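Report on the structure
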Amino acid sequence: MTQGTTMTTSVQRDRIFAGGEWISPAARDELVVENPVDFSEVGRTPDASAQDVDVAVRAAREAFDHGPWPKMTFAERAEWMFKLADEMERRGAETSALITDEIGQPVRLSRPWGQIIPVNHVRYYANIAKDYEEEEVRPNVRREGTSIIRKEPLGVAALIVPWNHPQASTTLKLAPALAAGCTVVLKPAEETPLDAYHFAEASVAIGMPPGVINIVPGGRETGRALVAHPGVDKVSFTGSAEAGKQIASVAGARLIPVTLELGGKSAAIVLESADLDEMFASLRNVSFDNTGQTCALLSRVVVPRSLYGTVRDRLVDLARDLRVGDPDDEATELGPLVSKRIYERVTGLVDTARAQGATILAGDTPLPDVGYFVAPTIVDGVSPDSLIAQEEVFGPVVTILPYDGLEQAIEIANNSRYGLAGAVYGDPDEVLPVARRIRTGSIGLNGYRPDLNHPYGGYKESGLGREFGPEAIGNFQETKSIWR
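This structure is a prediction, so every number in the text was calculated from the model and none was measured.

1. Topic: the overall build of the protein
When its secondary structure is counted, the protein shows 14 helices and 23 strands. Against the globule reference of 23 Å for 484 residues, the protein gives a C-alpha radius of gyration of 23 Å, in line with a compact fold. Once the C-alpha set of the protein is aligned to its principal axes, its extents read approximately 65 × 65 × 40 Å. Relative to its full complement of 484 residues, the protein shows a buried share of 57%. Of all intrachain contacts in the protein linking residues separated by at least 6 positions in sequence, the fraction that spans at least 24 positions is 73%. Here the protein displays about 19700 Å² of accessible surface, and carbon together with sulfur accounts for 49% of that area. Charge centroids of the protein, computed over 48 positive and 67 negative side chains, lie 6 Å from each other.

What follows is the structure in structure tokens.
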């Protein structure tokens, strides 16, 4: 199969993966994956039951308690991770093409996000692991001598990942978990269960010890069973704030740690000194990338009143200039939304804004006759407290908001239950002091360019904990003090 070529046959997966084996599920319930471009069937997988989850968790538990993986040195695990990355790379073209069919992601995005970036994640953490020091000697305070601080693998980790960047979201959890010495049970999103099987196939191909990677495709009930299972020691979740709260509640009752990467409603603050040409080149990606289906996108543009008309008009021109259409076309920038559910959510929020008095600009790009396509849309004439300016839309919809004075701009940017990302555009000497006052886990200066070597996560309802960087390995570790 060549990359960027729409699949013509349905992919049939009738097993879960546990303990290094392909196992028939306990029930016959299925997930049917629909191509959001033409509504054709992409494939089917089991909709794993609580019994299937139990099989997978027990396999991971056995591998952790009695298998070789947690007993290996970091350097030994790194060797396996390099092999896994190489095998993923060999399968990358097929994987990225499958993602385009599953979610309608344009090939210009599925290639890096489904093929290149996940491999880079695994190699990044393998490189850290090969030189990782699991013990630190620290001086005692109340007596002479030293004691030892030891980092140990936490146990069985449940990884629950979203559909919008399915491979990359998985490897941001899988790679540090493997480096730490954990065994994992992966539950992919019900929209993207098919590409997750490539992790299982890659692990089998390299002979990875059984039970280190286990996979249970399924919907919400599968996720609930996984989070509640007494054999799980850690949950790492990316998804909505509402689901994150439920997971945190269950994990809290069990007193197990969670890492939550949740939603966002991030602001691009435009200062009067901003270079508008550079800013709009940035916004093309950071406000509309992946058809707006990315949690860190800048969906609020906060503009000084003196520049408001100019920025609004250019934002409308940008929205109309974005190419929407066939995701297999190399020139396509925005594909369809992933599903009918998301389509109805996005169009419903825009319709509600219109009914509440908003002015809907752009939104008139010619669209294909079939598919969950939405035209890039600019919303004007709303207050910072309006529903459209507060809710995460998860579509190609940007709200523009005016401000009078810098203090009001900062107030508008911070007026959100979320705190994931953001950017400040302006003179290099002016942007950093503003960025320091925005209550977000990350923020960019004259752009938004996350880097894997630096922690990423959110304030407020955007989550708990941090991914990215060497620190992510600590998400999957226990700390032991050995006093002497």
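2. Section: the environment of V33
Turning to its location among the elements, V33 is positioned in strand β4 (residues 30-34). You can call V33 buried: its relative accessible area is 2%. Taking the C-alpha atoms as reference points, V33 and F280, separated by 247 residues in sequence, lie 36 Å from one another. For V33, the contacting residues outside a window of four places in its chain are S40, E41, V42, G43, E102, E190, E191, P193 and L194.

3. Notes on unusual backbone geometry
The backbone of T291 sits at a positive phi, close to 60°, despite the residue not being glycine. Positionally, T291 belongs in the loop between α9 (276-286) and β14 (298-304). If you check the backbone angles, F394 has positive phi at about 65° while not being a glycine. The topology assignment puts F394 in the loop between α12 (387-390) and β17 (397-403). Here F394 falls in the buried class, since its relative accessible area comes to 17%.

4. What about the packing of α9 against helix α10 (residues 308-321)?
Interaxial distance between α9 and α10 falls to 11 Å at its minimum, and their mutual angle equals 40°. The orientation of α9 relative to α10 falls into the category oblique. Considering how the two elements wind past one another, α9 and α10 form a crossing that is right-handed. Seen from α9, the contacting residues are L276, D277, M279, F280, L283 and R284; seen from α10, they are T310, V311, R314, L315, L318 and D321. Broken down by class, the residue content of the contact of α9 with α10 amounts to 7 nonpolar, 1 polar and 4 charged.

5. Notes on the packing of aromatic side chains
For the structure shown, the criterion picks out 8 aromatic pairs. Taking 4.3 Å as the distance between ring centres and 20° as the angle between the ring planes, the aromatic pair formed by F74 and Y132 counts as stacked. Of this pair, F74 sits in helix α2 (residues 74-90) while Y132 sits in the loop between α4 (107-129) and β6 (135-139), placing them 58 residues apart in sequence. Residue class for F74 comes out buried when judged on its relative accessible area of 3%. Ring centres of Y124 and Y125 lie 4.8 Å apart, and the angle between their planes is 90°; this geometry places the pair in the edge-to-face category. In this structure Y124 comes out as buried when scored by relative accessible area, which is 17%. In textbook terms, an aromatic cluster arises when at least three aromatic residues are bridged by ring pairs, as seen for F17, W22 and Y197. One Lys or Arg, R77, reaches over the ring of F74 and ends 4.6 Å from the middle of that ring. K234 extends its terminal NZ or CZ atom over the ring of F476, reaching a point 5.5 Å from the ring centre.

6. Quick look at the nonpolar core
Counting 73 residues, the largest nonpolar core has L283, V311, L315, I378 and Y425 as the members making the most contacts within it. With 6 residues, α10 is the largest single contributor of residues to this core. Within the second largest apolar cluster, 42 residues are counted, among which are I128, V184, I213 and F476.

7. Section: the sheet that holds strand β15 (residues 359-362)
Taken in spatial order, the 7 strands line up as β15-β16-β17-β14-β13-β19-β20 in an open sheet, and their pairing is mixed. Across the chains shown, the open sheet's two edge strands, defined by having one partner strand only, are β15 and β20 (444-445). Judged from the 4 bridges that link them, β15 and strand β16 (residues 377-380) form a sheet pairing that is antiparallel. Residue pairing in the sheet places I360 in a bridge with V379 of β16. Contacting β14, β15, β16 and β17, α10 runs over the sheet at an angle of about 175° to β17. Lying on the sheet, helix α14 (residues 428-435) is in contact with β13 (266-270), β19 (422-425) and β20; it crosses β19 at an angle near 150°.

Calculation rules
- Residues numbered from 1 in each chain as written.
- Predicted model: local features only at pLDDT ≥ 70, side-chain atom pairs only at ≥ 80, totals over all residues.
- Heavy atoms only, no water.
- Helix = DSSP H or I, 4+ residues; strand = E, 2+ residues; numbered from the N terminus.
- Rg over C-alpha atoms; globule rule 2.2 N^0.38 Å.
- Buried < 20%, exposed > 50% of the residue type's maximum accessible area, 1.4 Å probe, protein only.
- Contact = heavy atoms within 4.5 Å.
- Areas by Shrake-Rupley, 256 points an atom, 1.4 Å probe, with all protein chains shown as cover.
- Lys, Arg positive; Asp, Glu negative; His and termini not counted.
- Charge placed at Lys NZ, Arg CZ, Asp CG, Glu CD.
- Axes fitted to C-alpha atoms, helices over the stretch in contact; angles between N-to-C directions.
- Parallel < 35°, antiparallel > 145°, perpendicular 65-115°, else oblique.
- Left-handed = near helix turned anticlockwise from the far one by under 90°.
- Nonpolar A, V, L, I, M, F, W, Y, C, P; charged D, E, K, R; others polar.
- Phe/Tyr/Trp six-rings, centres within 6.5 Å; stacked < 30°, edge-to-face > 60°.
- Lys NZ or Arg CZ within 6 Å of the ring centre and 35° of its normal.
- Core = buried A, V, L, I, M, F, W, Y, C linked by side-chain atoms within 4.5 Å.
- Pairing = 2+ DSSP bridges.

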